[in-house]
Amino acid sequence: MGKAAMIGSFDCQDGKAEEMEAVLASMVEAAKQEPGVEIYSYHRGDGNTFWFFALMADAESMQGHGQTAAMQQAMDAFRPLMASPPQMQMTTPIAAIGLDLKDSRTQGQQ
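Since the model is a prediction, treat every value here as computed from it, not as a measurement.

Thresholds applied
- Residues numbered from 1 in each chain as written.
- Predicted model: local features only at pLDDT ≥ 70, side-chain atom pairs only at ≥ 80, totals over all residues.
- Heavy atoms only, no water.
- Phe/Tyr/Trp six-rings, centres within 6.5 Å; stacked < 30°, edge-to-face > 60°.
- Helix = DSSP H or I, 4+ residues; strand = E, 2+ residues; numbered from the N terminus.
- Buried < 20%, exposed > 50% of the residue type's maximum accessible area, 1.4 Å probe, protein only.
- Pairing = 2+ DSSP bridges.
- Polar contact = N/O pair within 3.5 Å; in protein donor to acceptor, adjacent residues only side chain to side chain.
- Axes fitted to C-alpha atoms, helices over the stretch in contact; angles between N-to-C directions.
- Contact = heavy atoms within 4.5 Å.
- Arc of directions from axis to C-beta.
- Core = buried A, V, L, I, M, F, W, Y, C linked by side-chain atoms within 4.5 Å.

Observations concerning the packing of aromatic side chains
Throughout the structure, instances matching the rule amount to six aromatic pairs. Considering the side-chain rings of Phe10 and Phe50, the 5.5 Å spacing of their centres and the 10° angle between planes classify their relative orientation as stacked. In this pair, Phe10 is assigned in strand 1 (residues 4–11) and Phe50 in strand 3 (residues 49–56), connecting sequence segments 40 residues apart. Centroid distance Phe10 to Phe78: 5.1 Å. Interplanar angle 85°. Geometry classified as edge-to-face. Of the two residues, Phe10 sits in strand 1 while Phe78 sits in helix 3 (residues 69–78), which places them 68 residues apart along the sequence. Pair check on accessibility: Phe10 and Phe78 agree, each one buried. What links up through ring pairs into an aromatic cluster is the set Phe10, Tyr40, Tyr42, Phe50, Phe52 and Phe78.

As structure tokens, then:
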């Protein structure tokens with residue numbers, strides 16, 4: 001089994017972009033406490049649009065995402081700022097520069 005990734009975007013409510021940026025920073029801090037998180041990033045697009053990318057060690061880590069108390073608290077602050085539900089896509093990374101896509105559990109077993 002390989003790594004799991006999530007890619008997506010969302011829009012925040014008008015006039016809430018700076019507040020959203022602060023909430024997203026707290027979500028990144030909360031993600032540091034979650035097992036299997038390798039990359040967890042948010043990006044600002046045009047206007048009120050934000051993008052995100054997460055890379056997890058495996059599907060189990062992705063399934064467990066968002067379960068810590070710190071992440072739950074951050075999500076509670078995040079939801080009221082959204083203009084509409086996020087558009088998300090789960091993916092399996094296949095090739096990249098700068099990302100170790102090897103399954104760390106199977107390294108050395110070849």
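Side note on the pairing of strand 2 (residues 37–44)
Taken together, the seven bridges between strand 2 and strand 3 define a ladder with antiparallel strand orientation. From the neighbouring strand, Val37 faces strand 3, where its bridge partner is Met56. If you look at the hairpin formed by strand 2 and strand 3, you'll find four residues sitting between the two strands, and Gly47 has a positive phi there, around 60°.

Notes on the side chain of Ser41
Mapped onto the fold, Ser41 is located in strand 2. Judged by its relative accessible area of 18%, Ser41 is buried. Within the structure, Ser41 has its side chain in polar contact with the side chain of His43 (distance 2.9 Å).

Here's the deal with the sheet that holds strand 1
Pairing within the open sheet is antiparallel, and its four strands lie in the order 2-3-1-4. Unpaired on one side and paired on the other, strand 2 and strand 4 (87–91) mark the two borders of the sheet. Across the sheet, the mean angle from the axis of one strand to that of its neighbour is 10°, orientation sign disregarded. In the packing of helix 1 (residues 17–31) onto the sheet, the strands contacted are strand 1, strand 2 and strand 3, and the crossing angle to strand 2 comes to about 175°.

Here's the deal with helix 3
Met71, Ala74 and Phe78 are the residues of helix 3 that are buried. Each buried residue of helix 3 lies within a common arc of 60° when the element is viewed along its axis, so the set occupies one face. What points out from helix 3, more than 90 degrees from its buried face, is the exposed set Ala69 and Gln73. Buried residues along helix 3 sit in contact with strand 1, helix 1 and strand 2.

A few points about the nonpolar core
In terms of nonpolar packing, the biggest core is built from 23 residues, with Phe10, Met20, Leu24, Met27 and Phe78 touching the most fellow members. Among the elements that make up this core, the one with the highest residue count is helix 1 (seven residues). In contact with Met27, not counting residues within four places along its chain, are Tyr40, Tyr42, Met71, Ala74, Met75 and Phe78.

A look at the environment of Gly2
One can find Gly2 in the segment before strand 1. Looking at Gly2, the relative accessible area reads 34%, which means it is partly exposed. Taking C-alpha positions, Gly2 is 11 Å from Asp100, a pair spaced 98 residues apart along the chain.

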